[in-house]
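Letter by letter, the chains look like this.
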Amino acid sequence: MKDSPSGRKPLLVTVLVFPGVRLLDVTGPIEVFSSANDFGGRYRVRTVSSDGADVLTASGTGLHVDLSAAQAQDPGDVLVVPGGPEWPTLVKDDALLDTVRALDAHSRRTASICTGAFLLAAAGLLDGRTATTHWRFTDQLALRYPRVTVSPDALFVRDGHIMTSAGVSSGIDLSLALVEEHFGADVARAVAKDMVVFMQRPGGQSQFSVRSRTPHARQETLRRVLDAVAEDPSADHTLAAMARRAGVSSRHMTRLFHEETATTPARYVERIRMEAAQAMLESGDDPLATVARRTGFGSPESLRRAFTRNLGITPGTYRARFRTTNTTDTTEPSVPSGAADAPGAPASAVRCP
């Protein structure tokens, strides 16, 4: 059941829904696949519930269901398993877990959104695999299901025929990656542009920005400095300039960084500028001189040295590798049935700083 799609007919996307499902987990992927049909993609999307009955979402909105799980036994290309805030109860629903297993058995690709990973794990589909979920629940996923290797901050992870994603918006990233896998980067990029979302967020990119990962500063003066750097990486952020804006000495500014963030001013600024440069390289074709100027590195040579020091590759190589939503191997769906689906096969989740 894990063969490549023939391309002779629309690819079949089955979205599992259930009482208490999170609405955006359902509608985000549906919008991606439906929009792809306007730009050269060919998808047929259907909603399925265990008994075929319409469901009430966690937000109180009703969802129409096309058919029951028993009626959805024809081979499909993508199964989307969304999550819901009541996942601790959902993972105890034997009928729902049976539905997940049955639909997975008839799908070439299974993808979970947010806490939908708990349903896959409870159904035994993540045993021996690497997976992710929303950052708030990664510890619980690892604790409850020790046979799952949890990647705590990836946007989405591909392991064999199964993909898992983090929060609700990363379900859109995952869906765009599937569109690219099926119909190419141009189609996926057109969908992303039409939906006014970023296409170029690689699956292994962290769920968090440098600023959000920085420990919360108790001192208001330091918080203002941290925010100023994040808001405009290209500005003057020398130690003297930051100290002057904060109204403290350079020595005191260094002490504040050390005590509150466990890093140095220069290192924090470089991390912010690296993140900004990576985003520009992933999403555009600006010359390296433009990237360097707009992100505060000044010159292509300074940009190159920073990338080599932090990532071990040049900016040009980084752009070539990450101008795609796919994590690594886009040929995986074409391998013989079962070859890439066995638990324990290498998971493709590229690590970005």
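Residues numbered from 1 in each chain as written. Predicted model: local features only at pLDDT ≥ 70, side-chain atom pairs only at ≥ 80, totals over all residues. Heavy atoms only, no water.

**Q** Could you clarify how one ought to interpret the sheet that holds strand β11 (residues 162–165) in this entry?
**A** As a general point, the strands of a sheet are linked pairwise by backbone hydrogen bonds and lie either parallel or antiparallel. Read from one edge of the open sheet, seven strands run β5-β2-β1-β6-β7-β11-β10, paired in mixed fashion. Single-partner strands in this sheet number two, and they are β5 (67–68) and β10 (156–159). Bridge analysis of strand β1 (residues 11–16) against strand β2 (residues 43–49) gives six bridges, and the strand direction is parallel. Residue pairing in the sheet places Leu-11 in a bridge with Tyr-43 of β2. Running at roughly 155° to β2, helix α1 (residues 23–36) makes contact with β1, β2 and β6 (76–81) of the sheet. (Pairing = 2+ DSSP bridges. Helix = DSSP H or I, 4+ residues; strand = E, 2+ residues; numbered from the N terminus. Contact = heavy atoms within 4.5 Å. Axes fitted to C-alpha atoms, helices over the stretch in contact; angles between N-to-C directions.)

**Q** How should I be thinking about the pairing of β6 in this particular structure?
**A** One face of the sheet, then the other: side chains in a regular strand alternate in exactly this way. Within β6, six of the six residues are buried, which leaves it mostly tucked inside the rest of the structure. Where β1 lies against β6, three bridges are found, and the strand directions are parallel. When the bridges of β6 are listed, Val-13 appears paired with Val-78. Direction of pairing for β6 relative to strand β7 (residues 107–112): parallel, over a ladder of five bridges. Its bridge partner being in β7, Gly-76 is matched across the sheet by Ser-107. (Buried < 20%, exposed > 50% of the residue type's maximum accessible area, 1.4 Å probe, protein only.)

**Q** What am I meant to see in the packing of α1 against helix α6 (residues 168–183) here?
**A** The description of two helices packed together rests on the angle between their axes and the distance between the axes. For the pair α1 and α6, the least separation of the axes is 9 Å and the interaxial angle reads 25°. Classified by the angle their axes make, α1 and α6 are roughly parallel. The two elements α1 and α6 meet at a crossing, and its hand is right-handed. Across the interface between the two elements, Leu-24, Asp-25, Gly-28, Pro-29, Val-32, Phe-33 and Ala-36 from α1 touch Val-168, Gly-171, Ile-172, Ser-175, Leu-176, Leu-178 and Val-179 from α6. Each residue belonging to the contact of α1 with α6 can be placed in one class, and the counts come to ten nonpolar, three polar and one charged. (Parallel < 35°, antiparallel > 145°, perpendicular 65-115°, else oblique. Left-handed = near helix turned anticlockwise from the far one by under 90°. Nonpolar A, V, L, I, M, F, W, Y, C, P; charged D, E, K, R; others polar.)

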